[in-house]
Amino acid sequence: LVNGSDGPVSLKMQTGLWSFDGKIKTPTWGLSQDYMGPVVRTRRGAELALHYENTLAEAVSIHGHGLHVTGELDGGPQRAIRPGTSWSPILPIVQEAATLWYHSHTHKRTGPHVYNGLAGMIVIDDDNSDSLPLPRRYGIDDLPFIVQDKDFNQDGTLLYNKVGLGRFYAEHMTVNGIIQPRVEVPKGLVRLRLLNGSNGRFFNFTFTDTRVFHVIAGDGGFLEEPVEVTTLFVAPGERYELLVDFSDGLPATLRSVQAERGEGTSPAFNPIQGEQTICTFEVNPRIAPDLDVRVPPRLNDIAWLDPKEAHITRHFTMATINRKMVINGRMMDMARIDHRVQKGAVEIWDLDGDVHNFHAHGCSFQVLSINGKTPPAHMKCWKDTVITDAKASFIVRFDHTASDAFPYMFHCHLLEHEDMGMMGQFTVE
Ligand code: C2O
Ligand code: CU
Ligand code: CU
């Protein structure tokens, strides 16, 4: 954890050695550490100064996923940091409390870069998040929870070869870089800042004892009210904050199970690939619970955008044509601007085609529908990534500018699809 208010955060892209299983050392990449980067904590109203330095042998772009900043500061493929050089953006944090992340967004190399470890979490606090009676003891009852799948060669090196027209699925589930960890928690409420940081795997999380938990936040901020669930479907790039109650003192194991068709959030093809154990929680009576925390009935006031105010609807059809992954028939071209958005105008973005996982830069949006249905209650918050389940639509307003030189991206957040060209660019002026 690094606190952005303590001065510029140094994020050095470097090679490292990391043990996913506590035994074998695996060559990895990280940002100022062996594998992945630190959790960067900042707050609304602050200016977050980052200093990226590339000590790797290839160029890297690093993007702040979910950050409301201009195209210049967004870290898209145009902002490549060449080997031996650095980039020091100062990011004005204007958005509400949320759990975001940063990750490589390098032209055609995002998948392998994120897989090797070029990713980390960003936590934004604000007055509202400070005032809510939520667990906030970092590492004790407020835990970053980055879930990824990994495969290994015989010699312990990372295996990344399941690419092709399909997606990347690996055999070993990791949380914060540890294969199926055991975590000790207090006998009380625990907050998980869940990030699906996988390249291409969807998860449908549930506890083996099917205990109820609460979703309190999504990609871009808190829900208005907590939503009680027993399973939660999470696509790559999405974040949710959960409250899990361990006051019964019983251990619990988080698993991912096959999603059922027709939930509105489960894609047409098999996205889960069986059942996986993710993490085991054990209650440690010596860790004092925070007696002031509870599940608050009210979390946030969201300014809902009105579809009647939308001045344009844009259509995005995501498809595979002649083995090329395209949006509206076109593959990513860094020299082409696909859309020109007017700053401050409300728009509807309408997605269809095959099942993909759509993400747009420079904004948070509100999901209007998934596969023709109203989205599930836990998606009624600001989001920036949504599974299309063949069809989806959202309403959005872009409040920051992005120029021809540093446009924003929209793309499938299955990283292999992004690398294969399922991405486009837009300006906001
Ligand atoms: Cu998470 Cu365009 O990225
Ligand atoms: Cu992004
Ligand atoms: Cu896709």
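Just so we're clear, the structure is a prediction, and the values are computed from it rather than from any experiment.

### What about the overall build of the protein?
A count of helices and strands for the protein gives 3 helices and 32 strands. For a compact globule of 429 residues, the expected C-alpha radius of gyration is about 22 Å, and the protein comes in at 20 Å, within 12% of that figure. Counting the 429 residues in the protein, one finds 49% classified as buried. For the protein, contacts bridging at least 24 residues in sequence account for 78% of all contacts bridging at least 6.

### Quick notes on the domain arrangement of the protein
Each domain of the protein was delimited in the assignment, giving domain 1 (2–131), domain 2 (142–283) and domain 3 (307–428). Summarising the inter-unit geometry, the C-alpha centres of domain 1 and domain 2 are found 21 Å apart. Domain 1 puts 25 residues into the contact, and the matching count from domain 2 is 27 residues. At the level of secondary structure, the elements contributing two or more residues to the side of domain 1 that touches domain 2 comprise strand E3 (26–31), strand E9 (98–104), helix H1 (110–116) and strand E10 (119–125). Of all the elements, H1 adds the most residues to the side of domain 1 that touches domain 2, at 5 residues. Split by residue class, the side of domain 1 that touches domain 2 holds 16 nonpolar, 6 polar and 3 charged.

### Comments concerning the sheet that holds strand E14 (residues 182–185)
Read across the sheet, 5 strands follow the order E14-E22-E21-E16-E19 without closing on themselves; strand pairing throughout is mixed. The strands lining the two open edges of the sheet, one partner per strand, are E14 and strand E19 (231–234). On average, each strand axis in the sheet is tilted by 25 degrees relative to the strand beside it, whichever way the strands run.

### Comments concerning the UniProt feature "domain: Plastocyanin-like" (unreviewed entry) in the protein
Cross-referencing UniProt, the feature "domain: Plastocyanin-like" (unreviewed entry) maps to residues 13–128, 189–247 and 306–429 in the present numbering. Between the end C-alpha atoms of residues 189–247 the distance is 7 Å, and the span holds 0% helix and 66% strand. Taken end to end, residues 306–429 has its terminal C-alpha atoms 22 Å apart, with 4% of it in helix and 45% in strand.

### Digging into the confidence of the model for the protein
A residue-level look at the protein finds 96% of positions with pLDDT of 70 or above and a mean pLDDT of 94. Considering only residues more than four positions removed or in separate chains, one finds that residues 262–270, a stretch of pLDDT under 50, has 22 contacts. Interface confidence in the predicted complex, given as ipTM, is 0.99; pTM for the same model is 0.96.

### Looking at unusual backbone geometry
Of note in the backbone geometry, Asn322 takes a positive phi value of approximately 50 degrees without being a glycine. The topology assignment puts Asn322 in the loop between strand E23 (312–321) and strand E24 (324–327). Notably, Ala390 is not glycine yet its phi reads approximately 80 degrees, a positive angle. Mapped onto the fold, Ala390 is located in the loop between strand E29 (385–387) and strand E30 (391–397). The partly exposed category is assigned to Ala390, around which 17 C-beta atoms lie within 10 Å.

### Some remarks on the pairing of E9
When you tally the buried positions in E9, you get 7 out of 7 residues, the bulk of the element. Bridging between strand E6 (residues 62–65) and E9 involves 4 bridges; their strand directions are antiparallel. Counterpart to Ile62 in the pairing with E9 is Ser104. Inspection of the sheet shows E9 paired to E10 by 6 bridges, in the antiparallel sense. Counterpart to Leu100 in the pairing with E10 is Ile122.

### Here's the deal with the environment of Glu58
Examined against the element boundaries, Glu58 turns out to sit in the loop between strand E5 (47–54) and E6. Taking the C-alpha atoms as reference points, Glu58 and Ile81, separated by 23 residues in sequence, lie 8.7 Å from one another.

### Structural notes on the sheet that holds strand E25 (residues 339–341)
Reading across from one edge, E25-E32-E31-E27-E29 is the order of the 5 strands in this open sheet, with mixed pairing throughout. Edge positions in the sheet fall to E25 and E29, since each has one partner strand and no second. On average, each strand axis in the sheet is inclined to that of its neighbour by 20 degrees, with strand direction left out of account. As paired elements, strand E27 (residues 357–360) and strand E31 (residues 408–412) share 3 bridges and run antiparallel to each other. Among the inter-strand pairings, His359 is bridged to a residue of E31, identified as His411.

Conventions and cut-offs
Residues numbered from 1 in each chain as written. Chains lettered and ligands numbered in written order. Predicted model: local features only at pLDDT ≥ 70, side-chain atom pairs only at ≥ 80, totals over all residues. Helix = DSSP H or I, 4+ residues; strand = E, 2+ residues; numbered from the N terminus. Rg over C-alpha atoms; globule rule 2.2 N^0.38 Å. Buried ≥ 20, exposed ≤ 12 C-beta atoms within 10 Å, placed from the backbone. Contact = placed C-beta atoms within 7 Å. Domains from an automatic or database assignment. Nonpolar A, V, L, I, M, F, W, Y, C, P; charged D, E, K, R; others polar. Pairing = 2+ DSSP bridges. Axes fitted to C-alpha atoms, helices over the stretch in contact; angles between N-to-C directions. UniProt positions renumbered as here; feature names shortened; annotations may be inferred. pLDDT = per-residue confidence, 0-100.

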